[in-house]
Each structure stands twice: as C-alpha cells, then as structure tokens.
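# Working through the structure, step by step
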Amino acid sequence: MADFVNILTEEKNGVLYLTINREDKLNALNYATLEEIKSIFEEVADNKSIKAVIITGAGEKAFVAGADIREIADLNEVNARKFAENGQEIFAMIENCHKPVVAVTNGFTLGGGCELAMACHMRVASANAKFGQPEVNLGIIPGYGGTQRLTHLIGRGKANELMMTGDMVDANEALRLGLVNHVLPTKAEAMAKAEDIVGKIMSKAPLAIGMIVDCVNAVYLPEENGYQTEANSFARCVKSGDYKEGTSAFLEKRKPVFKGE
C-alpha cells in the first residue's frame, strides 16, 4: 500500500489497520485526508489479502475531532455542496465495503469524526470517548451523512436533540443509545475487542458477509425492496463454493474452510 501523509496503514493477519495520523490537529479531517481514505478503500475492495479494516485515530485525545475548520471557513454555496457530496461518497464506500470495517474510537469523536465512525459497520469505544455532531455551533449542519446515519442509529428524537443542541454524549450514553457496540476501559482494550470481532467474522464465508452488508444497507434505501435484496443475495450465496463447503462441513462435523468463491 502506498505511503500517505495523513494516514498510517499496517496490514497484519489479514486486517488492515488505518490510523488517522494528525494528532496535533486532533486528527481533524481535511480534504487531503479524505482523499487518502478514498484511495485506501479503493484498494481494499480489490485486495484479496485484506479481509477486514480497523479504523482508529492517533494518540489518546481524539479519534477524529471533526473536519478541518480552516477549510470549512472558506466555503461558498457552490463548493459547499461539492464538499458535502465528496465526503458522502467516500463514507458510502466504507458503509458499502464487503469486508467488515470497525471503528475503534477514543477521545473526541465529533462532527466528521462521528460521521466517519457511523459509516463503519461497527463501533468499539474506549471509556473516554465522546460523541457528537456540534456543527450548529458553526452555523452549519452535518454534511457527510451525519443527519441520516445518526437518525438511523439512535432514532429521530434523540438525533434531533444532539444535532440541534450540539451536545456531546459520553461512551456509556452512546452505548445505551445504540451508537456504539461495545465500551472498554482503555483504547488498547477497545482495539483488542475489535480484533476479536473481526477475527470471528474472518472465519466465516466472505461472500455471505458481503451479502449481509448489502441487505442491511437496503433497509435504509427507500427505492430498494430489502426483502427482494435478501432473496437475491440468498440465491447468490447458494451458487457459491462457500455454500457447498459450509453445508458439507456441517454434515461431516468439521470446521469449514471458506475461500470466498
């Protein structure tokens, strides 16, 4: 994988570790960082050696504290729309990735950082994590899909409250609301939990995992019949060698060896 300016990457045991590395800026997302994330997920889609992705932020103070305010301050109506659409496109790549993507959040997970975490399939937080969409304090609203994903995750009433007040919630409240899957005392323990989760997923049939992503995402697509997506995806799974391996292994009382084919 290419060298990046704002992101550190490490591939280990089939897992790509992606670290937003702007610690002095609390890992704020600028245009260049977003383009690096886009480049990485373009490669993830086609790289068979990568089975899962874990995203985190450098240091202990922040996962991602938001977007780069200096870039936001220079927006006008025309380029603001492009700014939002670009971020939405990149985060949709994460949400639609057929390989599991888990965010390990620590410290401030705000604005664009909260939106990045919500685009991942799951979120594991350290106890010091704080979540929020405080864009109203700048006279704007979330632009990278936050109004949609936060509502899907925690419901209309609470999403309205958090976005309209700009308030933050701590990790335990985020867990109660359904914004995160797990809370661990430290970042290291949160990372270990994420590794445990992706390890379990990586032992399953890759094609089926990808179909689950499609079917779950179809729930939120008004133009798509999610039940039909499920039936079509089920049929595609049955055509696969993984289906034959999985059923044979079950009947033969052995562990399956899936190849993603």
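The chain is annotated in an unreviewed UniProt entry as Enoyl-CoA hydratase-related protein of Algoriphagus taiwanensis. For the record of the chain, the UniProt heading Sequence similarities (unreviewed entry) holds the text "Belongs to the enoyl-CoA hydratase/isomerase family."

### Section: the overall build of the chain
Secondary structure summary: the chain contains 11 helices and 10 strands in total. Relative to the globule expectation of 18 Å for 261 residues, the C-alpha radius of gyration of the chain, 19 Å, shows essentially globular dimensions. Projecting the C-alpha coordinates of the chain onto the three principal axes gives extents of approximately 60 × 40 × 35 Å. Scored against the burial criterion, the 261 residues of the chain give a buried share of 45%. Looking at the chain alone, contacts between residues at least 24 apart form 67% of all its contacts between residues at least 6 apart.

### Details of the nonpolar core
Residues F41, V53, I55, F91 and I94 are the most contacted members of the largest nonpolar core, which totals 27 residues. Residue assignment for this core shows that the elements contributing at least two residues are β2 (15–20), α1 (31–46), β3 (52–57), β4 (62–64), α3 (77–95), β5 (101–105) and α4 (112–119). At 5 residues, α1 tops the list of elements feeding residues into this core. If near-sequence neighbours (up to four positions away) are discounted, F41 is found in contact with L18, V53, I55, M93, I94, C97 and V101.

### Here we look at the sheet that holds strand β8 (residues 130–132)
Spatial ordering of the open sheet is given by β4-β6-β8-β9, a layout of 4 strands whose pairing is mixed. A strand with exactly one partner marks an edge of an open sheet, and here the two such strands are β4 and β9 (168–170). Strand-to-strand twist across the sheet, computed as the mean angle between neighbouring axes with direction ignored, equals 20 degrees. Of the strand pairs in this sheet, strand β6 (residues 108–110) and β8 are connected by 3 bridges, and their pairing is parallel. Its bridge partner being in β8, L110 is matched across the sheet by G132. Lying over the sheet, α4 contacts β4, β6 and β8, oriented at roughly 85 degrees with respect to β6.

### Thoughts on a negative patch on the surface
Together, E11, E42, E43 and D46 make up a negatively charged patch on the protein surface. Here the negative patch takes 3 residues from α1, the largest share from any one element. Tracing the backbone through its elements, the reader meets E43 in helix α1. Here E43 falls in the partly exposed class, since its relative accessible area comes to 30%.

### Quick word on the side chain of D68
Along the polypeptide, D68 turns up in the loop between β4 and α2 (69–72). According to the relative accessible area criterion, D68 is buried, its value standing at 13%. At a separation of 3.0 Å, a polar atom in the side chain of D68 contacts the main-chain amide nitrogen of R70. The contact partners of D68, leaving out residues within four places of it in the chain, are R22, A28, L29 and N30.

### Focus on the pattern of salt bridges
Counted under the stated rule, the structure contains 8 salt bridges. Among the ionic pairs, R22 bridges to D68, the shortest N-O distance being 3.5 Å. Placement of R22 in the loop between β2 and α1 and of D68 in the loop between β4 and α2 is noted, with a sequence separation of 46 residues between them. Judged by relative accessible area, R22 falls into the buried class, the value being 10%. A salt bridge links R254 to E252; its shortest N-O distance comes to 2.6 Å. One connected set of salt bridges, linked through shared partners, spans E245, E252 and R254.

Definitions and cut-offs
Residues numbered from 1 in each chain as written. Predicted model: local features only at pLDDT ≥ 70, side-chain atom pairs only at ≥ 80, totals over all residues. Heavy atoms only, no water. UniProt positions renumbered as here; feature names shortened; annotations may be inferred. Helix = DSSP H or I, 4+ residues; strand = E, 2+ residues; numbered from the N terminus. Rg over C-alpha atoms; globule rule 2.2 N^0.38 Å. Buried < 20%, exposed > 50% of the residue type's maximum accessible area, 1.4 Å probe, protein only. Contact = heavy atoms within 4.5 Å. Core = buried A, V, L, I, M, F, W, Y, C linked by side-chain atoms within 4.5 Å. Pairing = 2+ DSSP bridges. Axes fitted to C-alpha atoms, helices over the stretch in contact; angles between N-to-C directions. Patch = residues over 30% accessible without salt bridge, like charges linked within 9 Å, V, L, I, M, F, W, Y side chains within 5 Å. Areas by Shrake-Rupley, 256 points an atom, 1.4 Å probe, with all protein chains shown as cover. Salt bridge = Lys/Arg side-chain N within 4 Å of Asp/Glu carboxyl O. Lys, Arg positive; Asp, Glu negative; His and termini not counted. Charge placed at Lys NZ, Arg CZ, Asp CG, Glu CD. Polar contact = N/O pair within 3.5 Å; in protein donor to acceptor, adjacent residues only side chain to side chain.

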